[in-house]
Amino acid sequence: MHAAETVSTGFLFLAPWLVFAPVIGLLTNIVLGAWFMKRPWGENAVGIVASSASGATFIISVLLTYSLSANHGELPPWYLAEWIHIGDLTLDWQFRVDSLSTTMMLFVSGVATLIHIYAIGYMREDVRFKNDVGRYPRFFVFFNLFLAMMMILVSADSYLMLFVGWEGVGLCSFLLIGFWYELDTLGRPSWANSNAGNKAFIVNRIGDFGFLIAGFIMFWAFGSFQFDVVFEAAQHVAPGVILAITLLMLVGVAGKSAQIPLYVWLPDAMAGPTPVSALIHAATMVTAGVYLIARSAELYTLVPEAQFIVALTGAATALFAATIAVGQYDIKKVLAYSTISQLGFMVAAVGMGAFVAGMFHLVTHAFFKALLFLSAGSVILGLERGHHHAEHSHHEGHKDHKGKHSPNVRAERRASEAKPGDEAFDPNDMRNMGGMRKTMPVTFWLYMIGTLALAGIVPFAGFWSKDEILLEASLHYPIVYWLLTIAAFFTAFYMGRQIWMVFFGEPRHEAAAHAEESKPIITVPLMVLAALSLLGGVLNLPFEGFHNLGHWLEYTFHEVESLPLDTGVAGISTGLALLAILASWFIYGRNPLRAGEVDPLKRQLGPAFVVAERKWFVDEIYHAIIVTPFVKVSQFLADVIDGRFWHDWFHETVIAGTYNWVSNIGLDRYADQRGIDALANGLGRLTQWFAGILRKVQNGFVRSYALSVLLGVVLIVGYLILK
């Protein structure tokens, strides 16, 4: 066999290791993590094991991509094991290696590896801030599990196997969002993080219900869940059935990819450590919904009505979330609503049938959103270090027996000195920042690159992918185009607002004045992501001969539209972005916010800003019309129906009371005492009476016995004579 043939076909056997590599990493840390942590190098060992497992997944993805390319985009599914064989239903665990799945594999595993490396440094400080170093290995176990489940999802050869990974990433998000389940983000006793994890889990179960119903209809209509069988059979089924399946899938997508009305869990996901936020928002869970629609392209193209509904849902979500981001103060929540908005762009794209544009933005967004979240984490850590420094300067008494400051002094002071009603320092609040470009210059420039990419400024990656979506919308769905264009304006504005508030002006808190730059273990992964955010657009430049991603995905989508650069669309979007940045400078940059001042936009817009600040009161509305009634109904069912009626009345009165009456009155008093006891007592009295008679016969006199014998003889003789 030729070497080229060996390379093109030989790496397919590595497909199962997409899952096995992170599983081996997490098992190693489960078994040896506690032992590692007893050594001085324990944290490094745990992080290296987890990062190496993720890195191995990326290398395998590269090899599979190379094999697929050498085989001209066609590789058969790789069979691993028999799974479900029931009647005519045959589903095996097979790995689908095509251009769409390998695209997902590459950016998911690549970005996840950088986040793993970053997490080594971030979590080293976070576990000390929370005063629980022993929890360090658990974090990386969950991280590797997250990656393994995502690999199951993107490599699945059937909707049912995809659903296994779909549920797996939901579980991992619950575990990681609520990682500090008994503490809040400031390390104080609280159930806030646990509640955030529960919210994410429950909201996603609502979305998953729609996906499940779609699966039931799919099996009823096609008799299979395997992609190729479903796509072939869908050509011969009534459009109404396909419409029902695709719209129910959209419910699942709304849950996973945070679209209206199920987006509410994603901002609360900020409760997890920053690497978790980056992994969820950039590389794993939220990308699953976009991937599902792209994978189901052959179904959605059969029903234009579903495509329009999906596109309109995405566009509305993009604009709605962007308006909320304008009024937020938490640095990570601004980015969270930005993620919801950008996911709206992607969902709108794949809904319109612009699958290449949607996947292109999915990839570039992974680069710059991971960069922004991790840079925000660097800012938060720098602010915490600055706050720690300020505390030490004011509280020199907090030293150990050697005269050195305790590494856990912050946690100790919070526990010993916190009083009800005290306002704790929040390192996530942008109102506590300002002037940090001077104290954290590396992080500042990296954050700027991510911001320009997200705002869609040429030549950064976000410009090329966002404008491709806008161009597709302008050609096919004008209403979607204008919604997305306005959303793009707000995107540039709230990111400009964030830059001015965080990095410019004077420090509004002593912690910002003493902030310290992060270590290379944190900044180096950011530099790689910054390079990708700058150069990622080359994946699919809108010029002849540069539609690389489009040509690659053509192997899966068969027919794709490669559009040239439209200077009109690009000019409008870029002009609006620059105008938005200028407006943000005029409001926040020209006269920087000072400590204690009200947000200038709030002074100008008044109630309109409050609406954005309060997130359009959606959580309050959900609580009023869904959560509170549900809780009250649950309490009614638990207290009145289950407690008072079912338990107290039915169980205690009807069942137990009837049983007690029957046992005490019917069976004990009448059946037992007056029935069985009376019969037994009567037999006893009869025996006593008969014994009394016999007692008179046995009197002990011989003459009485002789008389008895005589009478007996007379009776016998009389009987014989008469006979």
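Residues numbered from 1 in each chain as written. Predicted model: local features only at pLDDT ≥ 70, side-chain atom pairs only at ≥ 80, totals over all residues. Heavy atoms only, no water.

## Considerations on unusual backbone geometry
So, point 1. The peptide bond linking Ile260 to Pro261 adopts the cis configuration, its omega dihedral lying at 5°.
So, point 2. Mapped onto the fold, Pro261 is located in the loop between helix H9 (239–256) and helix H10 (265–268).
So, point 3. The step from Val458 to Pro459 runs through a cis peptide bond, and the omega angle for that step is 10°.
So, point 4. Structurally, Pro459 is set in the loop between helix H19 (441–455) and helix H20 (461–476). (Helix = DSSP H or I, 4+ residues; strand = E, 2+ residues; numbered from the N terminus.)

## Re helix H12 (residues 287–295)
So, point 1. The buried count for H12 comes to 9 of 9 residues, which makes it a mostly enclosed element.
So, point 2. Those residues of H12 lying buried are Thr287, Ala288, Gly289, Val290, Tyr291, Leu292, Ile293, Ala294 and Arg295. (Buried < 20%, exposed > 50% of the residue type's maximum accessible area, 1.4 Å probe, protein only.)

## Things to note about the pairing of strand E2 (residues 89–95)
So, point 1. Pairing between strand E1 (residues 78–86) and E2: 7 bridges, direction antiparallel. Directly across from Trp78, in E2, lies its bridge partner Phe95.
So, point 2. Hairpin geometry of E1 and E2 is characterised by an intervening segment of 2 residues between the two adjacent antiparallel strands and by a positive phi of about 60° at Gly87. (Pairing = 2+ DSSP bridges.)

## Details of the side chain of Gln498
So, point 1. Relative to the assigned elements, Gln498 resides in helix H21 (residues 478–503).
So, point 2. At 3.1 Å, the side chain of Gln498 and the backbone oxygen of Ile331 are in polar contact. (Polar contact = N/O pair within 3.5 Å; in protein donor to acceptor, adjacent residues only side chain to side chain.)

## A short note on the domain arrangement of the protein chain
So, point 1. Domain boundaries in the protein chain define domain 1 (1–204) and domain 2 (619–698).
So, point 2. The centre of domain 1, based on its C-alpha atoms, is set 57 Å off from the matching centre of domain 2. (Domains from an automatic or database assignment.)

## Re the nonpolar core
So, point 1. Counting 191 residues, the largest nonpolar core has Tyr159, Trp265 and Met436 as its most contacted members.
So, point 2. In terms of residues, this core owes the most to one element, helix H16 (residues 355–394), which gives 19 residues.
So, point 3. Setting aside chain neighbours within four positions, we find Tyr159 in contact with Phe211, Met218, Phe225, Phe227, Val230, Phe231, Met249, Leu292, Ser296 and Leu299.
So, point 4. Ala318, Ala348, Ile469 and Leu471 belong to the second largest nonpolar core, which has 22 residues in total. (Core = buried A, V, L, I, M, F, W, Y, C linked by side-chain atoms within 4.5 Å. Contact = heavy atoms within 4.5 Å.)

## Focus: the pattern of salt bridges
So, point 1. Taken as a whole and judged by the stated rule, the model has 24 salt bridges.
So, point 2. Across the pair Asp157 and Arg96 runs a salt bridge whose closest N-O atoms are separated by 2.7 Å. Of the two residues, Asp157 is situated in the loop between helix H5 (136–155) and helix H6 (159–177) and Arg96 in the loop between E2 and helix H4 (99–129); the sequence distance between them amounts to 61 residues. As far as the burial class goes, Asp157 and Arg96 line up, both buried.
So, point 3. The partner of Arg96 in a salt bridge is Asp228, and the shortest N-O contact between them spans 2.9 Å. With a gap of 132 residues between them, Arg96 in the loop between E2 and H4 and Asp228 in helix H8 (residues 227–234) connect regions that are remote in the sequence.
So, point 4. Overall, the relative accessible area of 40% leaves Asp228 in the partly exposed class.
So, point 5. Among the charged side chains, a salt-bridge network with shared partners connects Arg96, Asp98, Asp157, Asp228 and Arg295. (Salt bridge = Lys/Arg side-chain N within 4 Å of Asp/Glu carboxyl O.)

## Topic: the side chain of Gln94
So, point 1. Relative to the elements of secondary structure, Gln94 occurs in strand E2.
So, point 2. A polar contact is formed between the side chain of Gln94 and the side chain of Asp157, at a distance of 3.0 Å.
So, point 3. Leave out the neighbours within four places in its chain, and Gln94 touches Pro77, Trp78, Tyr79, Ser155, Ala156 and Asp157.

## Remarks on helix H2 (residues 17–37)
So, point 1. Residue Val31 marks the point of greatest curvature in H2, where the axis turns by about 50°.
So, point 2. Burial in H2 covers these residues: Leu18, Val19, Ala21, Pro22, Gly25, Leu26, Asn29, Gly33 and Phe36.
So, point 3. Elements that come into contact with the buried residues of H2 comprise helix H3 (42–70), E2, H4 and H5. (Bend = angle between axes of the 7 residues up to and from the residue.)

## Brief notes about the packing of helix H15 (residues 331–352) against H20
So, point 1. Two elements in contact, H15 and H20, have axes whose closest approach is 10 Å; the angle formed by their N-to-C orientations is 45°. By the angle between their directions, the pair H15 and H20 is classed as oblique. Read as a crossing pair, H15 and H20 show a hand that is left-handed. Residues Phe345, Met346, Ala349 and Met352 of H15 form the contact with H20, whose participating residues are Lys466, Ile469, Leu470, Glu472 and Ala473.
So, point 2. Tallied by class, the residues present in the contact of H15 with H20 amount to 7 nonpolar, no polar and 2 charged. (Axes fitted to C-alpha atoms, helices over the stretch in contact; angles between N-to-C directions. Parallel < 35°, antiparallel > 145°, perpendicular 65-115°, else oblique. Left-handed = near helix turned anticlockwise from the far one by under 90°. Nonpolar A, V, L, I, M, F, W, Y, C, P; charged D, E, K, R; others polar.)

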